[in-house]
Amino acid sequence: MEIKKEDIKFLYSEEELQQKVKEVAAKINARYLDEEVYVICVLKGSVMFTADLVKYLTMPVKMEFIRLSSYGSSTTSSGKVNAVDISLPDLNEKNVLIVEDIIDTGLTAKFLRDFIDNNFRTKKTEFCTLMDKKCFRKTEIEPDYVGFEIDNKFVIGYGLDFDGNYRNLPYIGYVEV
Ligand code: 5GP
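Residues numbered from 1 in each chain as written. Predicted model: local features only at pLDDT ≥ 70, side-chain atom pairs only at ≥ 80, totals over all residues. Heavy atoms only, no water.

A. The arrangement of the pattern of salt bridges in detail. Scanning the entire structure with this criterion turns up 13 salt bridges. For Lys 62, the salt bridge goes to Glu 36, with nearest N and O atoms at 2.7 Å. Within this pair, whereas Lys 62 is found in strand E3 (residues 61-71), its partner Glu 36 is found in the loop between helix H1 (14-32) and strand E2 (37-43), the two being separated by 26 residues in sequence. The shortest N-O distance in the salt bridge between Lys 134 and Glu 142 comes to 3.8 Å. (Salt bridge = Lys/Arg side-chain N within 4 Å of Asp/Glu carboxyl O. Helix = DSSP H or I, 4+ residues; strand = E, 2+ residues; numbered from the N terminus.)

In structure tokens:
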């Protein structure tokens with residue numbers, strides 16, 4: 001399915017996004033102070049958010065990247081999470097912060113939490129998401145840091161795609177679903 005740029009309705013500007021990223025970073029800074037944190041960017045969607053977020057983090061940070069996919073058709077979750085690349089270093093006794101673009105059903109977050117719990121004894125594992133779409137939640141996952149709570153919209157831009165397109169938009173827009 002294709003959409004035209006004119007069909008994308010405006011939601012958050014570049015300035016609003018940067019302001020929110022700073023607010024979220026301040027909470028993470030207050031929580032960890034000088035403790036080292038392993039920031040795990042869940043590709044592809046959280047690439048922009050993670051890149052901006054880490055610039056405002058003041059503790060020692062190590063960045064890791066994993067790639068998962070869950071979306072079946074353009075705007076509906078397949079209900080299954082595929083680990084495309086989930087190679088991680090030894091996270092035993094480490095602070096782990098998983099950064100997601102959006103938590104929708106929560107299946108991705110649950111998959112990741114189970115994966116981390118099954119493979120490591122971390123010091124702490126937390127979730128940070130730019131957007132939280134609670135209306136479709138199918139798991140008990142509650143993110144520790146949330147940028148925006150949104151309702152039933154399919155959001156696009158700032159890393160989030162529509163059929164592989166529009167990840168490069170510097171703002172966030174949406175299409176009605
Ligand atoms: P969940 O596993 O929580 O259902 O979905 C997580 C993933 O689905 C997100 O990381 C994102 O890639 C994708 N996703 C969920 N909602 C949206 C949305 O509104 N827009 C886009 N572009 N992707 C979404």
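B. Fine view of the site of the ligand. Around the ligand lies a shell of 17 residues, among which Asp 101, Thr 105, Thr 108, Val 155 and Asp 161 are the nearest. Side-chain polar atom of Asp 101 to an oxygen atom of the ligand: 2.6 Å apart, as the coordinates give it. One nitrogen or oxygen atom from the main chain of Val 155 is found 2.8 Å from a nitrogen atom belonging to the ligand. Contact with the protein chains removes 92% of the 510 Å² of surface that the ligand exposes when unbound. Only E3, strand E5 (95-103), helix H3 (107-119) and strand E8 (153-156) provide two or more residues apiece to the shell around the ligand. If you tally residues by element for the shell around the ligand, the top one is E5, at four residues. Across the shell around the ligand, the residue classes tally to seven nonpolar, four polar and six charged. (Near = heavy atom within 4 Å. Polar contact = N/O pair within 3.5 Å; in protein donor to acceptor, adjacent residues only side chain to side chain. Areas by Shrake-Rupley, 256 points an atom, 1.4 Å probe, with all protein chains shown as cover. Nonpolar A, V, L, I, M, F, W, Y, C, P; charged D, E, K, R; others polar.)

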